[in-house]
Amino acid sequence: MPSPGLLTRRSGPRFLCLLAVRVMVVAATVSKGCEAPGKPKCFRNTSSSHEYTCEWERSSSATNVTYDLLISPTEPPFYDAPPRRGLRTNRIYLDEDKLIKYRNVSIVVTAHVGNASCTSNSTTVWLSTVVKLPEPVKMAALWSDHKLKLTWPSQGDSASAEVLVRHVENKTQTSSHEVKKETNVYSVLLEGLETQRAYQVQVRQRSTQVRTSFWSDWSANLTVPAEILQSPDVELKTITEVDRGIRQLVFTWKAVPPAAQAGGVNYTLTYPPWCLCAVKKKAWCQITVPSLDHAINVTNSAFNLSIRAENKAGASSRGYINVAAKPDQDLKACEKNVTFHGRHVEWYEFTEGGTAKERTLRKERKDFVRYVFRKYHCGSKGPKTVEMCLWYKKEDVPLVKPLSFSSSQTDTALNLSWQPIPLEARQGFISHYTLCHTKHTKPPEQEPSQEECRHLNASQTTFRLENLQPESRYNITLAGVTSVGSGPQAFLPITTFPSEKPPEGNLPVWISLGLLVTFFGASILCSLLVKRLKSKILPPVPEPVILSPALIRADNEELERRETLDEVSVHQPVLGGERHWFEDLEEDMDQSKTLIGTDEDQTQQGSRDSFESPGDQEEVLYRNGLVFDMKAEELRSGDQNTSTL
């Protein structure tokens, strides 16, 4: 600072006159070809800064311009700060020790172009109360609850901000906001914006902690993409067996909407439980890719992947996909010489169906639980499985018996079936099943029961038990066996069916009954057929009616008086050379006539002998194989006529 004596000497009327003359001379000095610079500003960047910045606008057309900066107090004591001359730029940084901070000062800039010079308008200001915050830099935007949050590094002062928002369609919206001062950052929360549209944002700020504060310059444009509302829809495209124990998984997913892609979008893939071949083991692996697909080489273990889309305004929720382990159905128990230590080893709890669960830490392994042990090494293609087997930390006998033990039987055999013991109840490797059967005799004291046992393969679920005795009672048992011992038994009592073979030399009863019924039925049927044929071939002949001689005479006399019977002869046509069934029938009828005539002669002879009258002879007529007593007919006709009269 100037000495007190110097201040006293400059405070007189003479100094004031000299200062007035200088100002008048400077104001009047306008030379051809010189353009006055803009009004200067001097300020600190923060209220706590010890450095001031003085700047002014320069002529855009001027070249080879130099500037002089003069800062003078406007009230006593008068003394000038050391002037800055020959400046090539329109900005200068001054330490506070070389300035007058706590009084009003006048600031003037003079431009020199060749031999010409021109002076700017003066600025009167109290330097200790002037702050102009720098323009916001490193701005970030984040969508949250349908609101847009802008953040940028804090300058330490309390501040306010103006935000300029432009739509992609060049629609502009400006709004002022109180800045929320957080730890080392400023933040502004914008409401009422459409989350599915992209914006361009600019911000300027000023301090609210001092009396005179200038607005900062506008920040650079920040592109704010739309909010990503949905997680990527990821799917497994292909699984390729690259090498023994190595699978290549190719994942694909859909792109986010175009408005969310403004400013660029990346996709972050995370796949726990850890990076198997990383230099330093991590709790998870994370890869960021800009494309819509990615290939990963993994082991045969179960694999879980999560993915999320990220842009400059935030990230989506995570999408997940799980890839089952390669089935481990053919795995065998680990050999005794397997090394279970080392960096590239892992255990997975084994489940039904051969799918491994999440990796199990060594200290978390349990007794009586089946694990899949894997050993791998890291090569150029990624982790490769080199050994894999099943392992128990400690074994015991099974907890339960085989399930659904049942049978279907015949007289001498049984078809047995069952379901395996559940994995969680085995407590070890099932080496085999023990199947036993015991026969019970009647009465038991005559012959002791005999138990026969056999070992069945651990993979069997059916067995046919043969060579049993018919109609006998058996007890069947089945139990699973581990290296420790046998577990609970499944019990099945059965009784075989009676023998299906008939006794030798004797027909079954039902066959005898069938033959007997068949014989009687055939006999009845034959007798009915014979009777029917007989009635058709040999019809029955009516017996003659013999009346008393008196009635016969009376009938004959009445018949002679009333009617005379003419002789009738019937001739049968004979076909040339052929003989028919009715010709045979006529011969039989002729024989019958002969026999009847003989009987008749005997009868008439008896009658004549009895009555000794020539008129007592019977008259008999034969027609179509039938014998008619004519006299008896006449008598009956006469009686009917008499009754009518």
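Residues numbered from 1 in each chain as written. Predicted model: local features only at pLDDT ≥ 70, side-chain atom pairs only at ≥ 80, totals over all residues. Heavy atoms only, no water.

**Overview of the overall build of the protein chain**
As a reminder, the rule being used: Secondary structure elements are defined from DSSP: runs of H or I of at least 4 residues count as helices, runs of E of at least 2 residues count as strands, and each element is numbered from the N terminus. Any residue under 20% of the maximum accessible area for its type is buried, any over 50% is exposed, and the rest in between are partly exposed; the area is computed with a 1.4 Å probe on protein chains only. Residues are treated as being in contact if the distance between any of their heavy atoms lies within 4.5 Å. Computed with the Shrake-Rupley method and a 1.4 Å probe, the accessible areas treat only the protein chains shown as cover for residues.
What the protein chain contains, in helices and strands, is seven helices and 39 strands. The proportion of buried residues among the 645 residues of the protein chain is 37%. Long-range pairs, those at least 24 residues apart, make up 64% of the contacts in the protein chain between residues at least 6 apart in sequence. Carbon and sulfur atoms make up 53% of the accessible area of the protein chain, which amounts to about 39700 Å² in all.

**Some thoughts on the pairing of strand 11 (residues 147-153)**
Each regular strand shows side chains that alternate between the opposite faces of the sheet. Inclusion rule: Here a strand pair is declared whenever DSSP counts at least two bridges between the two strands.
Relative to strand 11, strand 10 (residues 140-144) runs antiparallel, the two sharing five bridges. Following the sheet pairing, Trp-143 is matched in strand 11 by Leu-148. Hairpin connection from strand 10 to strand 11: two residues lie between these consecutive antiparallel strands, with Asp-145 at a positive phi of about 55 degrees. One ladder, built from six bridges, connects strand 11 with strand 15 (residues 185-190); its direction is antiparallel. Across the sheet, the residue bridging to Leu-148 is Leu-190, located in strand 15.

**Considerations on the sheet that holds strand 35 (residues 462-465)**
Definition in use: Inter-axis angles, ranging from 0 to 180 degrees, are taken between N-to-C directions of lines fitted to C-alpha atoms, where helices are fitted over the stretch in contact.
One open sheet accounts for three strands, arranged 31-32-35; its pairing is antiparallel. Either end of the sheet is taken by a strand with one partner, and the two such strands are strand 31 (403-409) and strand 35. Direction aside, the axes of adjacent strands within the sheet are offset by 20 degrees on average.

**Considerations on the packing of aromatic side chains**
Rules: Only Phe, Tyr and Trp rings are paired, with Trp represented by its six-membered ring, and only when their centres lie within 6.5 Å; those with planes under 30 degrees apart are stacked, over 60 edge-to-face, the remainder tilted. In this scheme, Lys NZ or Arg CZ marks a charge over a ring once it lies within 6 Å of the ring centre and within 35 degrees of the ring normal.
A full pass over the atoms with the stated rule returns eleven aromatic pairs. Consider the rings of Phe-519 and Phe-520, whose centres lie 5.7 Å apart with planes at 70 degrees: the pair is edge-to-face. Here Phe-519 falls in the exposed class, since its relative accessible area comes to 54%. Of the residues examined, Phe-520 reaches a relative accessible area of 48% and is grouped as partly exposed. Grouping aromatic residues by their ring pairs yields a cluster made of Phe-251, Tyr-271 and Phe-303. Here Lys-41 stacks its cationic end above the ring of Phe-214, 4.9 Å away from the centre of that ring.

**A look at unusual backbone geometry**
One non-glycine residue with positive phi stands out, namely Ser-404, at about 55 degrees. Its place among the elements puts Ser-404 in strand 31. A positive phi angle is found at Glu-471, which is not glycine, with a value near 50 degrees. When you line up the elements, Glu-471 lands in the loop between strand 35 and strand 36 (473-481).

**Overview of the sheet that holds strand 23 (residues 293-298)**
Spatial ordering of the open sheet is given by 19-20-23, a layout of three strands whose pairing is antiparallel. Two strands in the sheet have a free side with no partner beyond their single neighbour: strand 19 (234-243) and strand 23. Geometrically, the sheet is characterised by an average inter-axis angle of 20 degrees between neighbouring strands, direction not taken into account. Pairing of strand 19 with strand 20 (residues 246-253), which is carried by eight bridges, proceeds in the antiparallel orientation.

**Structural notes on the environment of Tyr-433**
Within the secondary structure, Tyr-433 is located in strand 33 (residues 432-440). Judged by relative accessible area, which is 2%, Tyr-433 ranks as buried. It is 9.8 Å that separates the C-alpha atoms of Tyr-433 and Pro-420, two residues lying 13 residues apart in sequence.

**Focus on the pattern of salt bridges**
Worth spelling out the cut-off: Between Lys or Arg on one side and Asp or Glu on the other, a salt bridge is scored when a side-chain nitrogen of the former is within 4 Å of a carboxyl oxygen of the latter.
Taken as a whole and judged by the stated rule, the model has ten salt bridges. Between Lys-147 and Glu-191 there is a salt bridge, and its shortest N-O distance comes to 3.5 Å. Of this pair, Lys-147 sits in strand 11 while Glu-191 is found in the loop between strand 15 and strand 16 (199-207), placing the two residues 44 residues apart along the sequence. With relative accessibility at 54%, the residue Glu-191 sits in the exposed group. The structure contains a network of salt bridges with shared partners spanning Glu-55, Arg-91, Lys-132 and Asp-217.

**Points about the pairing of strand 16**
In this structure, strand 12 (residues 159-167) lies alongside strand 16, joined through nine bridges in antiparallel fashion. Bridge pairing in strand 16 links Ala-159 to Ser-207. Two elements, strand 16 and strand 18 (residues 222-224), share three bridges in a ladder whose sense is antiparallel. In the strand pairing of strand 18, Tyr-199 is matched with Val-224.

**Things to note about the side chain of Thr-195**
Inspection of the secondary structure assignment puts Thr-195 in the loop between strand 15 and strand 16. Leaving out residues up to four positions away in the same chain, Thr-195 has contacts with Trp-143, His-146, Ala-226 and Glu-227.

**A look at the confidence of the model for the protein chain**
Reading predicted coordinates in detail is not appropriate for stretches of low pLDDT. Applicable threshold: Per residue, pLDDT measures the predictor's confidence, with a range of 0 to 100.
Put simply, the protein chain has an average pLDDT of 75, and 66% of its residues get 70 or more. Confidence drops under a pLDDT of 50 for residues 574-582, and excluding neighbours within four residues, the segment shows four contacts in the predicted structure. Counting interchain partners and residues more than four positions distant, the pLDDT-below-50 stretch residues 592-618 has 29 contacts.

**Notes on the environment of Ile-107**
Looking at the secondary structure, you find Ile-107 in strand 6 (residues 104-113). Each C-alpha atom of the pair Ile-107 and Pro-40 lies 6.7 Å from the other, and the pair is 67 residues apart in sequence. Residues in contact with Ile-107, not counting those within four places in the same chain, are Pro-40, Cys-42, Leu-69, Leu-70, Ile-71, Asn-121, Ser-122, Thr-123, Val-125 and Leu-127.

**Comments concerning the state of the cysteines**
Note the threshold: Counting rule for disulfides: a pair of cysteine sulfur atoms within 2.5 Å.
Scanning the model with the defined rule gives three disulfides in all. Here Cys-42 pairs with Cys-54 through a disulfide, and the sulfurs are 2.0 Å apart. Around the S-S axis, the bridge from Cys-42 to Cys-54 shows a dihedral of about 115 degrees and counts as right-handed. Note that Cys-42 is positioned in strand 1 (residues 41-44) and Cys-54 in strand 2 (residues 51-55), a separation of twelve residues in sequence. For Cys-42, a relative accessible area of 4% corresponds to the buried category. Paired by a disulfide, Cys-436 and Cys-453 hold their sulfur atoms 2.0 Å apart. Across the S-S bond of Cys-436 and Cys-453 the torsion is about 110 degrees, and the bridge reads as right-handed. With Cys-436 in strand 33 and Cys-453 in strand 34 (residues 450-457), the pair connects residues that are 17 residues apart, well separated along the chain. On the basis of relative accessible area, Cys-453 is assigned to the partly exposed category, the value being 44%.

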